[in-house]
Structure formats: C-alpha cells, structure tokens
Amino acid sequence: MYSVRMRAEKGGRHISGAERLVSEEEIQDSVQSLTGRALSHERGKPDFVNISVEAVKSPVKNLASLPVILHNAGNVMEGRNAARRTLEFLGIPGFCIQKALSLLENGPSDGQSMRGAIIMDMQGNRLEPDRERGVRATRMDITEKAAGELTKSLSGKGLSSYFTHVKEALVLATKVASIDGTVAELCWSDDPYYTAGYVASGRTGYIRIPYLKENGDSNGGRVFFVDNINIPGYINEIENKPVLIDRFAGIREFTDFHTI
Ligand code: AMP
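Quick notes on the rules
- Sequence order sets the numbering: in each chain, residues are counted from 1 along the sequence as written.
- Where local features are concerned, this predicted model is filtered to residues with pLDDT of at least 70; where side-chain atom pairs are given and counted, the filter is 80 or more; whole-chain, interface and lining totals use all residues.
- Neither water nor hydrogens contribute to the side-chain values; these are computed over all heavy atoms in the structure.
- The source of the domain bounds is an automatic or database domain assignment.
- Residues count as neighbours in contact if any of their non-hydrogen atoms are within 4.5 Å of one another.
- Buried area counts how much accessible surface, traced with a 1.4 Å probe, disappears from two parts once they are put together, with both parts' losses summed.
- Exposure is judged per residue with a 1.4 Å probe applied to protein chains only, and the accessible area is read against the type maximum: over 50% gives exposed, under 20% gives buried, and values in between give partly exposed.
- Strands here are runs of E lasting at least two residues and helices are runs of H or I lasting at least four, both read from the DSSP assignment and numbered beginning at the N terminus.
- Throughout, the arc means that of the directions going from the helix axis to the C-beta atoms.
- For the purposes of these results, a polar contact is taken to be a pair of N or O atoms within 3.5 Å, where, inside protein, one atom must be able to donate a hydrogen and its partner to accept one; residues adjacent in sequence count only when each atom of the pair is a side-chain atom.
- Pairing between strands is defined by DSSP: at least two bridges between the two strands are required.
- For helices, the fitted axis covers only the stretch in contact; all axes are lines through C-alpha atoms, and the angles between them, taken along N-to-C directions, range from 0 to 180 degrees.
- Between rings of Phe, Tyr and Trp, where Trp is taken as its six-membered ring, a pair exists when centres lie within 6.5 Å; planes separated by under 30 degrees are stacked, by over 60 edge-to-face, and by other angles tilted.
- Charge-over-ring contacts are defined here by two conditions on Lys NZ or Arg CZ: a distance within 6 Å of the ring centre and an angle within 35 degrees of the ring normal.
- The criterion is simple. A nonpolar core is a set of buried Ala, Val, Leu, Ile, Met, Phe, Trp, Tyr and Cys residues joined through side-chain atoms within 4.5 Å.
- We call a residue near a molecule or strand as soon as one heavy atom of that residue lies within 4 Å of the molecule or strand.
- Using a 1.4 Å probe, accessible areas were evaluated by the Shrake-Rupley method; residue-level cover was limited to the displayed protein chains.
- Residue type decides the class: Asp, Glu, Lys and Arg count as charged, Ala, Val, Leu, Ile, Met, Phe, Trp, Tyr, Cys and Pro as nonpolar, and the leftover types, Gly among them, as polar.

Quick word on the domain arrangement of the protein
Thought 1: When its domains are assigned, the protein resolves into domain 1 (2-57) and domain 2 (62-259).
Thought 2: Relative to domain 2, the C-alpha centre of domain 1 lies at a distance of 21 Å.
Thought 3: Taken together, the contacts link 16 residues of domain 1 with 21 residues of domain 2.
Thought 4: Regarding the contact of domain 1 and domain 2, the summed buried area is about 1600 Å², with carbon and sulfur atoms giving 45% of it.

Description of helix 6 (residues 231-240)
For the α-helix, the turn length of 3.6 residues means that residues three or four positions removed from each other point alike.
Thought 1: Along helix 6, the residues that are buried comprise Tyr234, Ile235, Ile238 and Glu239. Viewed end-on, helix 6 has its buried residues packed into an arc of 125°, placing them on one side of the element.
Thought 2: Buried residues belonging to helix 6 abut strand 6 (118-120), helix 5 (163-177), strand 8 (182-188) and strand 11 (221-226).
Thought 3: Two or three places before Gly233, at the start of helix 6, stands the capping residue Asn230, its side-chain oxygen 2.7 Å from that residue's backbone nitrogen.

Brief notes about the pairing of strand 8
Thought 1: Within strand 8, six of the seven residues are buried, which leaves the element mostly enclosed by the surrounding structure.
Thought 2: Pairing between strand 8 and strand 11: six bridges, direction antiparallel. The residue bridging Trp188 from the neighbouring strand is Gly221, located in strand 11.

Topic: the sheet that holds strand 7 (residues 140-142)
Thought 1: Strand order in this open sheet of three strands is 4-12-7, and the pairing throughout is parallel. The open sheet has two free edges, formed respectively by strand 4 (61-64) and strand 7, since each of these has just one partner strand. Along the sheet, successive strands turn relative to each other by an average axial angle of 30°, direction set aside.
Thought 2: Note: strand 7 against strand 12 (residues 243-247), three bridges, orientation parallel.

Quick notes on the sheet that holds strand 1 (residues 2-10)
Thought 1: If you walk across this open sheet you meet the three strands as 2-1-3, and the pairing is antiparallel. Unpaired on one side and paired on the other, strand 2 (13-22) and strand 3 (48-55) mark the two borders of the sheet. Going across the sheet, the axis of each strand differs from the next one's by a mean of 10°, ignoring polarity.
Thought 2: Here eight bridges tie strand 1 to strand 3, and the two strands are oriented antiparallel to one another. The residue bridging Ser3 from the neighbouring strand is Glu54, located in strand 3.

Some words on the packing of aromatic side chains
Thought 1: Tallied over the full model, the rule gives two aromatic pairs.
Thought 2: A cation over an aromatic ring shows up here: Arg203 above the ring of Phe89, its NZ or CZ 5.2 Å from the ring centre.

Focus on the nonpolar core
Thought 1: Judged by nonpolar contacts, the single largest core of 39 residues is most densely connected at Tyr198, Tyr206, Tyr234 and Ile238.
Thought 2: At eight residues, helix 5 tops the list of elements feeding residues into this core.
Thought 3: Beyond its immediate chain neighbours, meaning those up to four positions away, Tyr206 contacts Leu66, Pro67, Val68, Ile69, Val166, Ala169, Leu170, Ala173, Tyr198, Val199 and Ala200.
Thought 4: If you look at the next biggest cluster of nonpolar residues, it comprises 28 residues, including Ala100, Ile118, Leu212 and Phe257.

Quick notes on the environment of Val135
Thought 1: In this fold, Val135 is placed in the loop between strand 6 and strand 7.
Thought 2: Residue classification places Val135 among the buried positions, given a relative accessible area of 3%.
Thought 3: C-alpha separation for the pair Val135 and Arg222, spaced 87 residues apart in sequence, amounts to 9.6 Å.
Thought 4: If near-sequence neighbours (up to four positions away) are discounted, Val135 is found in contact with Gly116, Ala117, Ile119, Glu128, Pro129, Phe224, Ile235, Ile238 and Glu239.

Observations concerning the site of the ligand
Thought 1: In the vicinity of the ligand, 14 residues are found, and the nearest of them are Met114, Gly116, Ala137, Ser189 and Asp190.
Thought 2: Gly116 places a main-chain nitrogen or oxygen 2.7 Å from an oxygen atom of the ligand.
Thought 3: A distance of 2.7 Å is found between an oxygen atom of the ligand and a side-chain nitrogen or oxygen belonging to Ser189.
Thought 4: Burial of the ligand by the protein amounts to 85% of the accessible area it has alone, namely 490 Å².
Thought 5: A per-class count over the shell around the ligand returns six nonpolar, four polar and four charged.

Right, here's the structure in full:
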C-alpha cells in the first residue's frame, strides 16, 4: 500500500492537509483529488502545496471504527460543557481540561493554528517536541465499504453534508484511541465555518458535539491526553503505524454517560 499525503500552506502558515492509504492503482486518482482539496479550502488559496507518495513498509493494522455518538448541544456553552464532562468522566484532571480548552480557544501556537496535535499528560505538561508543528497522525484511511456504511448512517441522521469532515476525523480518532497511553482526544476544527468538534476515546467512542466554537472563528486544534507514555515510542506510533478502518461501528444519539 501507499501513503499519499497533501499539505498546503500560505505565507508559511498551514492551510490544509489530508491523506489516503491506497493501492498502487489508486495513487493517481488520490493525487488528483488531494490536489483539488488543497486548491479549494475555505482558509484560502495556498502558495505552497506538497503532495507525497510513499510505499508503506510495515504491516497495515485493520481496525473497527469507534462508534459515533451524536451529542445534541445547542450552542457553544452547552458544547464546551459536554466536552468538559466527558473528559472528567474519563479521569482527566480539571486543570488539564481547562488548559486544553483555552489553548484551542486562543490558537495553540502563539494565536495561530498548529499543523498537528498537542500531547498533554495528566499533569498538564505539553509533550510535543515542536509546539508550532505539533504531532501529526498519518498513514491511515478507511475502506470504501466502511465509508459507505458511515455515509448511510450519517444521511439517516440528516448529516450527509458533513461526511468528509466526520470521516477523516473518525479515522484519525480511531487510530489515536487505539494507541497505548491515549486517554482521550479533544478536537475542534480551525476551519472557520465548521463549528463541530468531538471528544473521543476507546471507552466512550467518538462523541460528536455540534458546537464547540462560534461560526467564523478560525482557532482550533487537537489535544491528545496521554498517561504513562514513552514519548518517542508514542509519537512514532501516531505518525508511522499504518491503520486501515475496515468496519464501521454504528451511530447513535448521546443520552448520558451510563449508556456509553
Ligand atoms: P481539522 O479538523 O483538519 O480542521 O484540524 C483541526 C486541527 O487539528 C488542526 O489545526 C491541527 O492542529 C490538528 N490536526 C489536523 N490534522 C492533524 C493530524 N493529521 N494529526 C494531528 N493533528 C492534526
């Protein structure tokens, strides 16, 4: 298999990134569609686009996706509370949750977005070696069959227009949750018109929260909360371990923490 990755920048700042894990026959199509993505992002026209194609040497791990749980928060305050409560339920100390929320709210890299994620331990320390770049989860994708099941489920919930966002986030969250030492992930997009985000973990599934920021706000990011990790080993798994989601674990509405 081949890892095909795209990143786009403008004036040295990150605009967008995406990737696929494909067979040799699919390389050309994926290069074309990722180029299209790079050139038509809401964050602006890039002046630098990098597309790389690389053979994946280590064995690909097949995984079932996390289940998708739809939270019904009606505004940002309810959404942030839902995220806070879920992270508390997972045992993350309150001061770490507060620090993570304010980093994403204010732009984690001196008021700007990072290309990758923050790694935060249970003492609130940031463990990513480069605070501008962060750590990027790569070498992951979803099979057409599993993606088809996700499409069907989202359309049953009136969420078809969010398919690409949810698909890519679910793939990333499933991979990150599968790695030893991950306690939870918090994410909201830096795309100014995508207000939804999520908290994900192996214990709770992928809890999609429709409002984690106001429309028009271009701050966002990701935090991987970790416990007891060997930092280089953890980062190596996040970046390099190839993961293919080949089953979709279903979708349901959030009711309360006792049912997850
Ligand atoms: P997005 O959901 O693509 O809008 O990304 C939101 C934020 O998540 C970005 O600003 C980055 O900080 C981070 N991010 C995006 N892609 C990745 C990735 N592959 N691995 C880790 N963090 C990422």
